[in-house]
Amino acid sequence: MACLLEAPLRISVLSEVTATSRHYVDRLFDPDPQKVLQGVIDMKNAVIGNNKQKANLIVLGAVPRLLYLLQQSSSSLELRTECAVVLGSLAMGTENNIKSLVDCHIIPALLQGLLCPELIFIEACLRCLRTVFISPVTPVQLLYTDPTVIPHLMSLLSRSQRTQEYITQIFSHCCKTPEHQTVLFNHGAIQNIAPLLISPSYKVRMQALKCFSVLAYENTQVSMTLVNVLVDGELLSQVFVRMMQRDQPIEMQLTAAKCLTYMCRAGAIRTDDSCIVLKTLPCLVRMCSKEHLLEERVEGAETLAYLMEPDVELQRIASTTDHLVAMLADYFKYPSSVSAITDIKRLDHDLKHAHELRQAAFKLYASLGSNDEDIRKKITETENMMDRIVSGLSESSIKVRLAAVRCLHSLSRSVQQLRTSFHDHAVWKPLMKLLQNAPDEVLVMASSTLCNLLLEFSPSKEPILESGVIELLCSLTQSDSPALRVNGIWALMNMAFQADQKVKVEIVRCLGTEQLFRLLSDPDTNVLMKTLGLLRNLLSTRPHIDQIMSSHGKQIMQAVTLILEAEHSIEVKEQTLCILANIADGNTAKELIMTNDDMLQKIKYYMGHSNVKLQLAATFCISNLIWNEEDGSQERQDKLREMGFVDILHKLTQSSDPNLSDSSLTPAPPRCFWTPDSGDSGLRDLDYEHFLPDKSLPA
């Protein structure tokens with residue numbers, strides 16, 4: 001059956017099919033083998049550089065006949081080889097050509113051809129396979145369908161430089177998932193490909209290098225193995241360092257830097273290793289300069305962003321290397337007015353890469369500013385930077401929008417920037433617009449940023465509240481995505497911190513008690529923790545505590561009981577006991593604890609717990625219940641004395657932990673915002689943890 005092009009293209013192509021094209025196909029069916037061979041050779045010459053002729057021949061059914069001849073044992077070696085060459089030429093046409101070839105099952109036929117002992121035929125089949133597999137429309141999984149294929153390809157690596165080049169190129173394009181990495185690793189990819197890094201052929205070295213970059217990406221097993229590999233007596237990491245030298249081609253420098261970057265991120269190389277600090281990082285910074293092609297600048301910036309994303313020291317080093325922060329500002333200047341006037345081709349090129357440059361710059365700025373306050377200040381003071389970020393939030397390219405909001409999120413972790421640059425440029429407005437009907441990946445990062453804009457010291461908090469954001473955030477808590485549920489509840493938690501009663505009532509009304517308690521049983525621990533944090537902030541100041549507990553006290557106490565009885569982490573139970581401590585500070589709400597003997601027994605149990613944090617939280621709860629200056633304190637003290645709390649308090653005075661012994665000796669004043677000691681002094685309750693960790697995808 002002839003392989004067909006897609007319908008619209010087929011109609012246009014059929015109208016231009018010529019007698020000559022038919023003649024080429026007809027000759028493939030000649031009974032004389034020599035005439036068939038000559039026909040294939042003539043076809044090869046006719047299709048070189050001629051996409052129209054390629055499409056014509058595919059429509060006329062040349063591919064099935066070529067595949068038939070290629071697979072026939074009666075066909076001569078020369079004929080089968082020429083058939084593979086023609087098929088490879090057809091594959092170099094349009095994407096529709098590739099689709100047609102794949103539909104005709106060209107891949108299994110060519111893989112079968114690799115079993116032939118003749119090297120010239122093997123190379124022709126591999127060359128065609130390489131061309132097919134590097135196309136984005138080819139399903140890479142076809143390489144892994146037959147489990148015998150990968151080991152056979154490994155065995156062919158030693159046959160010639162051409163087999164080495166083609167096979168490593170196939171591997172680098174078809175290694176897309178952790179499963180693919182595992183298959184290649186298990187079949188000896190590292191030991192088979194490592195020697196190719198010192199091949200006399202540049203093409204072989206380059207393809208082998210690309211192989212290692214895709215194998216090492218986010219793969220600890222591969223990276224930890226690579227770090228110990230020797231190539232001709234030299235450690236592989238040092239081979240990569242040599243490949244980054246300035247006298248090497250830029251493509252090689254960049255790919256070697258990617259290999260070391262991925263090994264570092266996978267934990268195989270320390271971030272303070274000289275090959276990272278003195279070689280890889282400077283190489284990548286160098287790639288960001290004007291002297292390089294736009295494509296190289298994009299790749300350099302994105303790789304550098306990935307390298308230093310988790311390491312503050314690398315961020316500081318990079319920020320002072322070759323004026324990187326200022327250098328990146330140039331990424332926003334394409335297409336330039338000069339190119340628009342003098343060079344149409346240059347303009348077209350600039351337009352094509354302009355959004356990639358902006359995306360890369362935003363990513364790198366986000367990585368640079370994720371931890372250090374001085375770097376963030378330097379970024380925001382770069383020419384028109386905040387305006388560029390605001391513009392980026394509304395770009396047509398979703399990738400640029402995502403990178404821009406990621407950059408904004410990184411900067412939003414600064415108290416100073418929230419109070420100054422974010423307020424001056426009213427960034428909350430485009431951010432709120434971005435939250436409407438955005439794809440999930442953008443929504444996650446945008447809502448993460450919104451969490452920080454809702455901190456109580458942020459000037460943006462009030463206008464955001466007035467914009468009706470509560471309903472949007474409550475809808476996020478119902479998302480199927482755990483990340484969006486976390487961000488929705490986190491933002492509500494920040495909003496409720498030291499809020500007036502009107503805001504708290506609106507949060508409870510909009511969220512609904514059913515959804516609130518559903519979140520308290522969420523399987524995601526982060527969602528549960530932030531929901532508990534929201535409850536703590538809602539249950540603050542006595543009038544608010546009493547009002548909320550009078551309406552929802554029964555459900556809240558039930559939820560607290562379930563959490564304390566279930567198998568939860570220390571952090572979850574500590575947060576739950578904090579809620580009880582806040583309830584215990586209410587004027588009337590504390591009676592919900594005092595009249596619940598089961599709850600009092602639970603508090604007593606946690607006062608004697610082996611974990612000091614839980615002991616401390618439970619003790620503060622009792623301190624709030626027995627505070628002397630409040631009505632009914634004597635009756636409460638008497639009941640707790642009868643239940644044995646005094647004995648426990650005396651035992652706690654002997655504790656080696658000063659916080660615990662002090663809290664048991666002296667009743668604590670009522671504190672709605674008691675914070676367990678987290679080592680983050682000087683920051684009020686929950687504030688520090690509001691600064692979301694960066695949630696971005698590897699480049």
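Residues numbered from 1 in each chain as written. Predicted model: local features only at pLDDT ≥ 70, side-chain atom pairs only at ≥ 80, totals over all residues. Heavy atoms only, no water.

**Concerning the overall build of the protein**
Here's step 1: When helices and strands are counted, the protein shows 45 helices and two strands.
Here's step 2: Considering the protein as a whole, with its 699 residues, one finds that 57% of them fall into the buried category.
Here's step 3: Across the protein, every contact between residues at least 6 apart in sequence was considered, and the portion connecting residues at least 24 apart equals 70%.
Here's step 4: Surface exposure of the protein reaches about 30100 Å², of which carbon and sulfur atoms provide 51%. (Helix = DSSP H or I, 4+ residues; strand = E, 2+ residues; numbered from the N terminus. Buried < 20%, exposed > 50% of the residue type's maximum accessible area, 1.4 Å probe, protein only. Contact = heavy atoms within 4.5 Å. Areas by Shrake-Rupley, 256 points an atom, 1.4 Å probe, with all protein chains shown as cover.)

**A closer look at the packing of helix α17 (residues 250-265) against helix α18 (residues 274-287)**
Here's step 1: Where α17 contacts α18, the axes come no closer than 10 Å and their chain directions differ by 135°. For the element pair α17 / α18, the angle class is oblique. For the pair α17 and α18, the crossing hand works out as left-handed. Taking contact as the criterion, the partners of I250, Q253, L254, A257, L260, T261 and C264 in α17 are, on α18, C275, I276, T280, C283, L284, R286 and M287. (Axes fitted to C-alpha atoms, helices over the stretch in contact; angles between N-to-C directions. Parallel < 35°, antiparallel > 145°, perpendicular 65-115°, else oblique. Left-handed = near helix turned anticlockwise from the far one by under 90°.)

**Focus: the packing of aromatic side chains**
Here's step 1: A full pass over the atoms with the stated rule returns six aromatic pairs.
Here's step 2: For the ring pair Y605 and Y606, a centre distance of 4.9 Å and an interplane angle of 75° mean the geometry is edge-to-face.
Here's step 3: For K530, the ring lying beneath its charged end belongs to W490, and the centroid distance is 4.4 Å. (Phe/Tyr/Trp six-rings, centres within 6.5 Å; stacked < 30°, edge-to-face > 60°. Lys NZ or Arg CZ within 6 Å of the ring centre and 35° of its normal.)

**A few points about the side chain of S21**
Here's step 1: With respect to the helices, strands and loops of the structure, S21 is situated in helix α2 (residues 19-27).
Here's step 2: Looking at S21, the relative accessible area reads 0%, which means it is buried.
Here's step 3: Of note is the side chain of S21, whose polar atom sits 2.6 Å from the side chain of Q53.
Here's step 4: Residue contacts for S21: discarding those within four places in its chain leaves Q53, N56, L57 and L60. (Polar contact = N/O pair within 3.5 Å; in protein donor to acceptor, adjacent residues only side chain to side chain.)

**Comments concerning the confidence of the model for the protein**
Reading predicted coordinates in detail is not appropriate for stretches of low pLDDT.
Here's step 1: In this model, the protein carries an average pLDDT of 89, and 89% of its residues clear a pLDDT of 70 or more.
Here's step 2: Residue range residues 665-699 is modelled with pLDDT below 50. Its contacts to residues more than four positions away, or to other chains, number 108 contacts. (pLDDT = per-residue confidence, 0-100.)

**What to know about the packing of helix α30 (residues 440-453) against helix α33 (residues 482-496)**
Here's step 1: α33 packs onto α30 with a crossing angle of 20° between their chain directions and a minimal axis gap of 9 Å. The angle between α30 and α33 places the two elements in the roughly parallel class. Crossing angle aside, the handedness with which α30 passes α33 is left-handed. Seen from α30, the contacting residues are D440, L443, V444, S447, S448, C451 and N452; seen from α33, they are A483, L484, N487, W490, A491 and N494.
Here's step 2: In the contact of α30 with α33, the residues fall into seven nonpolar, five polar and one charged. (Nonpolar A, V, L, I, M, F, W, Y, C, P; charged D, E, K, R; others polar.)

**Considering the pattern of salt bridges**
Here's step 1: Scanning all chains against the criterion turns up 28 salt bridges.
Here's step 2: Between R270 and D272 there is a salt bridge whose closest N-O contact spans 2.7 Å.
Here's step 3: Residue classification places R270 among the exposed positions, given a relative accessible area of 58%.
Here's step 4: On the accessibility criterion, D272 (48% relative accessible area) is partly exposed.
Here's step 5: Residue E302 pairs with K363 through a salt bridge whose shortest N-O separation is 3.5 Å. Here E302, found in helix α19 (residues 294-308), pairs with K363, found in helix α23 (residues 344-368); they are 61 residues apart in sequence, far enough to count as distant. Taken individually, E302 and K363 each receive the classification buried, so the pair is uniform in this respect.
Here's step 6: Linked by salt bridges that have partners in common, R265, E309 and R406 make up one network. (Salt bridge = Lys/Arg side-chain N within 4 Å of Asp/Glu carboxyl O.)

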